[in-house]
Amino acid sequence: MQSLFQASIINTFSGIASMAAGFGSTVLVARLLGAEGTGLTAFALWLVFSAYALADRGIPATVLRYVGQRNGKENTEQDLVRQLYPKFIWPVLLLTVAFAAYSFWHSDNPVDGSTGFWLVTSLLFVTYCHSQLAIAADHGRGDYVGPATKVVIGCLLQLPVIAVGAYYFGAAGAMAGHFARHVPQSLAIVRHLKHGSSLDTPVNKQIIRYSRNSWISSTLTVLVRTRVEFIFIGVFFSLTEVGYFAAAITFSSLIFQLALAMTAGLSARFARLREAGELERMGNTYQRALRWMALLLFPVSFGGAAVIQEILPMVGDEFRPAVATASVLIALAFAQCLVSLPLSMMLAHERDKTVMIMNAVSAAVLLVLNLAIIPSFSGFGAAWVKSIVAFAGFSWALWYCQTRLGLVPGIRSLFGLAASAGTCAGVAWLVLVEVQGLPGLLSAIAAGALIYLLGIRLTGAMLPDDVDSLRTTLRKILPAAMVKPAIWIVSQLAVRRV
């Protein structure tokens, strides 16, 4: 079993691969299908994720949280997966049939690719559901290398399938690429279902309650807090406007994917520390995890907002109207990402009901504000609403963990990283003012990165112990040829006090 920090590094690399594949997919779909095709595929993906939230019944989250608790019995993890799988599979199959039935009922509509588009979407749905359950089981058991490897394989499949599929078959071919992305991981569920014992492991009331509350929270998050803007923009404007917002939000979604990969399995890890009574270690781990995530997410958010004016036109010139919307979404994407850490800590303390209430309140506020703002300001207004609600939720979660759970977030380090990233973004923007196009973009990224490293060192935002742990982990997971330069770079992050 990997250490928490090593697991986070492994997850980060797989998250970067997923983010790169997602960016490539966005460019391919936009180039080959245009704004309307981009809007259609984005809407179908939102339907898939929403249907998954409705169908999963909180079971993947429950498997992640409790699968590693053996209770003195052998193979308890496989028992839990096998016991909960029948409750998991029937709603999945029901919604799969619904997708397929809709494809035949809607077969005469030429706009969305008719039967083939929704048939592929139905296959993507059932594959995605099983991949998420398999990832939860693997992470709950402490296996991070296996899922990360399958993510990379899936990303390597995704891009060529989207390119060929979209070129020859339109939107249906693009969806086939997303389907290919999740096939390797979904096949891993066979191992969890096949190798279980015959022990009767009871599912207690706490597990049932946790599953129910997690289900409600995830459903509210996916249905309302992720892509509900598509519905409002589609009602008040057009599918083309949906395409603009889809292109804009794709970049912040890629950052969110990276964050999800970095924090995968944290609730289970935190829970083990809590149950072992290692409260001091748990608090230190919480602070270090926040610093590590902020180290990557702040420059990606602030710097990404500064350079998106050059990146978005690469998707297609017709998406230039989405630059302002994308800038807002990317600049505050860190809040939507970093909130996963305090929420994971709350779930480790079995505060699942509190998390559910927070998601319900956020969803209600989001709906009301969207209804009030979008009719007048379209996607740009939706971007501000989403960002403000996300930042408020992040601030509240940090406050709750500090006041109710006694977990101090390390505000000084976070402010130091934020200031360094803000300076990095400012320098990148100034470079682009003077030099446009690809040369300007590359120069802006290089200059911003240099300023960011210098800022971290001057502010002391990263502690020497953080750097030591990072060096140790990199020596274990990187190829020999990459170790020396990687160690030199991370050694510049903190000044060793004598």
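My aim in this report is to walk through the structure given alongside it, one point at a time. (Residues numbered from 1 in each chain as written. Predicted model: local features only at pLDDT ≥ 70, side-chain atom pairs only at ≥ 80, totals over all residues. Heavy atoms only, no water.)

Quick notes on the overall build of the protein
This is how the line gets drawn: Under the scheme used here, helices are H or I runs from DSSP no shorter than 4 residues and strands are E runs no shorter than 2 residues, and both carry numbers assigned from the N terminus. Relative accessibility decides the category of a residue: with a 1.4 Å probe and only protein chains considered, values under 20% of the type maximum give buried, values over 50% give exposed, and everything between is partly exposed. The contact rule is simple, with two residues in contact once any of their heavy atoms fall within 4.5 Å. Computed with a 1.4 Å probe, the accessible areas rest on the Shrake-Rupley method; for each residue, only the protein chains presented here act as cover.
Counting secondary structure elements, the protein contains 20 helices and zero strands. Per-residue burial over the protein gives 56% buried out of 498 residues. Of the contacts formed within the protein by residues at least 6 apart in sequence, a portion of 82% connects residues at least 24 apart. When the accessible area of the protein is evaluated, it comes to approximately 21100 Å², of which 68% is carbon and sulfur surface.

Observations regarding the packing of helix α10 (residues 239-263) against helix α16 (residues 352-404)
Put simply, the rule reads: Note on definitions: angles span 0 to 180 degrees between N-to-C directions of axes, and those axes are lines fitted to C-alpha atoms, for helices only across the stretch in contact. The hand of a helix crossing depends on one turn: near helix anticlockwise from the far one by less than a right angle means left-handed, and clockwise means right-handed. Note on residue classes: Ala, Val, Leu, Ile, Met, Phe, Trp, Tyr, Cys and Pro are nonpolar, Asp, Glu, Lys and Arg are charged, and everything else, Gly too, is polar.
Running from amino to carboxyl end, α10 crosses α16 at an angle of 35°, the nearest separation of the two axes being 9 Å. Viewed along their axes, α10 and α16 form a crossing whose handedness is right-handed. Of α16, the residues touching α10 (which contributes Glu241, Phe245 and Ile249) are Ser378, Gly379, Ala382, Ala383 and Lys386. Grouping the constituent residues of the contact of α10 with α16 by class yields four nonpolar, two polar and two charged.

Quick word on the nonpolar core
Heads up, the condition is: To qualify as a nonpolar core, a set must consist of buried Ala, Val, Leu, Ile, Met, Phe, Trp, Tyr and Cys residues joined through side-chain atoms within 4.5 Å.
Counting residues in hydrophobic clusters, the biggest one holds 141 residues, and the most contacted among them are Val63, Phe125, Leu312 and Leu417. Per element, the largest residue contribution to this core is 17 residues, and it comes from helix α12 (residues 279-315). Those residues in contact with phenylalanine 125 that lie beyond four places of it in its chain are Val48, Ala51, Tyr52, Ala55, Val92, Leu95, Thr96 and Phe99.

Topic: helix α18 (residues 437-459)
Condition: For a helix, the expected span equals 1.5 Å multiplied by the number of residues minus one.
Taking 1.5 Å per residue as the helical rise, α18 with its 23 residues ought to reach 33 Å, and the 32 Å between its terminal C-alpha atoms agrees with that figure. Of the residues making up α18, those classed as buried are Gly440, Leu441, Ala444, Gly448, Tyr452, Gly455 and Ile456. Among the residues trailing α18, glycine 460 stands out with phi positive, at a value near 65°.

Some remarks on the environment of glycine 393
With respect to the helices and strands, the residue glycine 393 is situated in helix α16. Between the C-alpha atoms of glycine 393 and asparagine 359, which are 34 residues apart in sequence, the distance is 8.6 Å. Every residue in contact with glycine 393, bar those within four places of it in the chain, is listed here: Val339 and Met358.

Structural notes on the environment of alanine 21
Inspection of the secondary structure assignment puts alanine 21 in helix α1 (residues 4-55). Along the sequence, alanine 21 and leucine 157 sit 136 residues apart, while their C-alpha atoms lie 9.5 Å from each other.

Observations regarding a nonpolar patch on the surface
Operational definition: Here the term patch refers to residues with relative accessible area over 30% and no salt bridge, with like charges joined within 9 Å and nonpolar side chains (Val, Leu, Ile, Met, Phe, Trp, Tyr) within 5 Å. By convention in these notes, a salt bridge is any Lys or Arg side-chain nitrogen within 4 Å of a carboxyl oxygen on Asp or Glu.
On the surface, a cluster of nonpolar side chains totalling about 530 Å² of accessible area is made up of Phe43, Ile231, Val235, Phe236, Phe237 and Leu371. On the basis of relative accessible area, phenylalanine 236 is assigned to the partly exposed category, the value being 39%.

Some remarks on the packing of aromatic side chains
Let me state the cut-off plainly: Aromatic rings from Phe, Tyr and Trp, with only the six-membered ring used for Trp, were paired whenever their centres fell within 6.5 Å, and each pair was classed as stacked if the ring planes differed by under 30 degrees, edge-to-face if by over 60, and tilted otherwise.
By the definition in use, this model includes 14 aromatic pairs. Pairing tyrosine 52 with tyrosine 128 gives two aromatic rings, centres 5.2 Å apart and planes at 80°, and the pair type is edge-to-face. Here tyrosine 52, found in helix α1, pairs with tyrosine 128, found in helix α4 (residues 114-140); they are 76 residues apart in sequence, far enough to count as distant. According to the relative accessible area criterion, tyrosine 128 is buried, its value standing at 13%. On the numbers, 5.5 Å between centres and 80° between planes, the contact of phenylalanine 302 with phenylalanine 334 is edge-to-face. In this pair, phenylalanine 302 sits in helix α12 while phenylalanine 334 sits in helix α14 (residues 333-338), placing the two residues 32 residues apart along the sequence. Given the relative accessible area of 19%, phenylalanine 302 is considered buried. Three or more aromatic residues joined by ring pairs make a cluster, and in this case those are Phe298, Phe302, Phe334 and Phe391.

Considerations on the pattern of salt bridges
Scanning the entire structure with this criterion turns up six salt bridges. Salt-bridge contacts for aspartate 352 lead to arginine 209; the nearest nitrogen and oxygen are separated by 2.8 Å. Placement of aspartate 352 in helix α16 and of arginine 209 in helix α8 (residues 205-226) is noted, with a sequence separation of 143 residues between them. In this structure arginine 209 comes out as partly exposed when scored by relative accessible area, which is 29%.

Interpretation in functional terms is not warranted from these geometric data alone.
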